[in-house]
Amino acid sequence: MNIEKTLGTFFGIGYISFAPATIASFFALTIIYLLNINIIVLGGLAIVGFFLGAALAKRIEKDNDKDPHMFVFDEIAAIPITIIFLPRTIPFYIIAFILFRLFDVLKPYPINRLEKIKNGYGVMLDDTLSAIYTNILLQIAKAVLKI
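A. Geometry of helix H5 (residues 90-106). Between the first and last C-alpha of H5 there are 24 Å, a value that for 17 residues agrees with the 24 Å anticipated at 1.5 Å per step. Looking at H5, one finds that the buried residues are Phe92, Tyr93, Ala96, Phe97, Leu99, Phe100, Arg101, Phe103 and Asp104. Residues of H5 that are buried make contact with helix H2 (20-35), helix H4 (73-83), helix H6 (111-114) and helix H7 (121-145). Looking one or two places after H5, you find Lys107, whose phi comes out positive at around 50 degrees.

B. Quick look at a nonpolar patch on the surface. Together, Tyr33, Leu34, Ile90, Ile94, Ile98, Leu102, Val105 and Leu106 make up an exposed nonpolar region whose accessible area comes to about 790 Å². Among the secondary structure elements, those contributing two or more residues to the nonpolar patch are H2 and H5. Ranked by residues supplied to the nonpolar patch, first place goes to H5 with six residues. Mapped onto the elements, Val105 comes out in helix H5. Taking the relative accessible area as the measure of exposure, Val105 reaches 57% and is therefore exposed.

C. Expanded view of the confidence of the model for the chain. Per-residue confidence for the chain averages 92 on the pLDDT scale, and 96% of its residues sit at or above 70. The spread of mean pLDDT over the elements of the chain runs between helix H1 (residues 3-8), the lowest at 88, and H4, the highest at 97.

D. Seen up close, the packing of H2 against H5. Viewed as axis vectors pointing N to C, H2 and H5 meet at an angle of 155 degrees, and their least axial separation amounts to 11 Å. In terms of axis orientation, H2 runs roughly antiparallel to H5. Considering only the axes of H2 and H5, their crossing is right-handed. Residues Ala21, Thr22, Ser25, Phe26, Leu29, Ile32 and Tyr33 of H2 form the contact with H5, whose own contacting residues are Ile90, Tyr93, Phe97, Phe100 and Arg101. Taken together, the residues of the contact of H2 with H5 sort by class into nine nonpolar, two polar and one charged.

E. Region of interest: the pattern of salt bridges. Per the stated rule, a full pass over the model turns up five salt bridges. Where Glu4 meets Arg59, a salt bridge forms, and the shortest distance between an N and an O atom there is 3.5 Å. Highlighted residues: Glu4 in helix H1 and Arg59 in helix H3 (residues 39-63), separated in sequence by 55 residues. The class of Arg59 is partly exposed, set by a relative accessible area of 45%. Its salt-bridge partner being Asp126, residue Lys107 comes within 2.7 Å of it at the nearest N-O pair.

F. Just the nonpolar core, in detail. Counting residues in hydrophobic clusters, the biggest one holds 40 residues, and the most contacted among them are Ile32, Phe71 and Ile83. Mapped onto this core, the elements with two or more residues apiece are H2, H3, H4, H5, H6 and H7. Setting aside anything within four residues of it in sequence, one finds Ile83 in contact with Leu29, Ile32, Leu42, Tyr93, Ala96 and Asn135.

Procedures and definitions
Residues numbered from 1 in each chain as written. Predicted model: local features only at pLDDT ≥ 70, side-chain atom pairs only at ≥ 80, totals over all residues. Heavy atoms only, no water. Helix = DSSP H or I, 4+ residues; strand = E, 2+ residues; numbered from the N terminus. Expected span 1.5 Å × (residues − 1). Buried < 20%, exposed > 50% of the residue type's maximum accessible area, 1.4 Å probe, protein only. Contact = heavy atoms within 4.5 Å. Patch = residues over 30% accessible without salt bridge, like charges linked within 9 Å, V, L, I, M, F, W, Y side chains within 5 Å. Areas by Shrake-Rupley, 256 points an atom, 1.4 Å probe, with all protein chains shown as cover. Salt bridge = Lys/Arg side-chain N within 4 Å of Asp/Glu carboxyl O. pLDDT = per-residue confidence, 0-100. Axes fitted to C-alpha atoms, helices over the stretch in contact; angles between N-to-C directions. Parallel < 35°, antiparallel > 145°, perpendicular 65-115°, else oblique. Left-handed = near helix turned anticlockwise from the far one by under 90°. Nonpolar A, V, L, I, M, F, W, Y, C, P; charged D, E, K, R; others polar. Core = buried A, V, L, I, M, F, W, Y, C linked by side-chain atoms within 4.5 Å.

Written out as structure tokens, the structure reads:
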């Protein structure tokens, strides 16, 4: 397995036959929670992950579909966005996970339009916007509930 496939499938998680993107998202969120990664590192991971992911996706797109199911690095890179600037509590992390997966699977407008962008950016942008939607909803909930 070459380095692009290793990273793109996040060390083989993408080859799991049942819900690889969901498993990758859960794995990433769990690691962030357990390591108690700070806001600055979360932001850095999201930015570096986005551009690295776009480069990886561009390479993988050449050999596969536009957004092959085995490519889960987009979920890994977007997960930090879902919880940045939010309380580090299990309920927030669980809701972030559920909302992110819903947005990523259902792809409401304009998320569904982003997939058409070429050179690996469309693969990354739909997950990034799903993560941003998730974070915005959780920020609103936090403000309304005064948490």
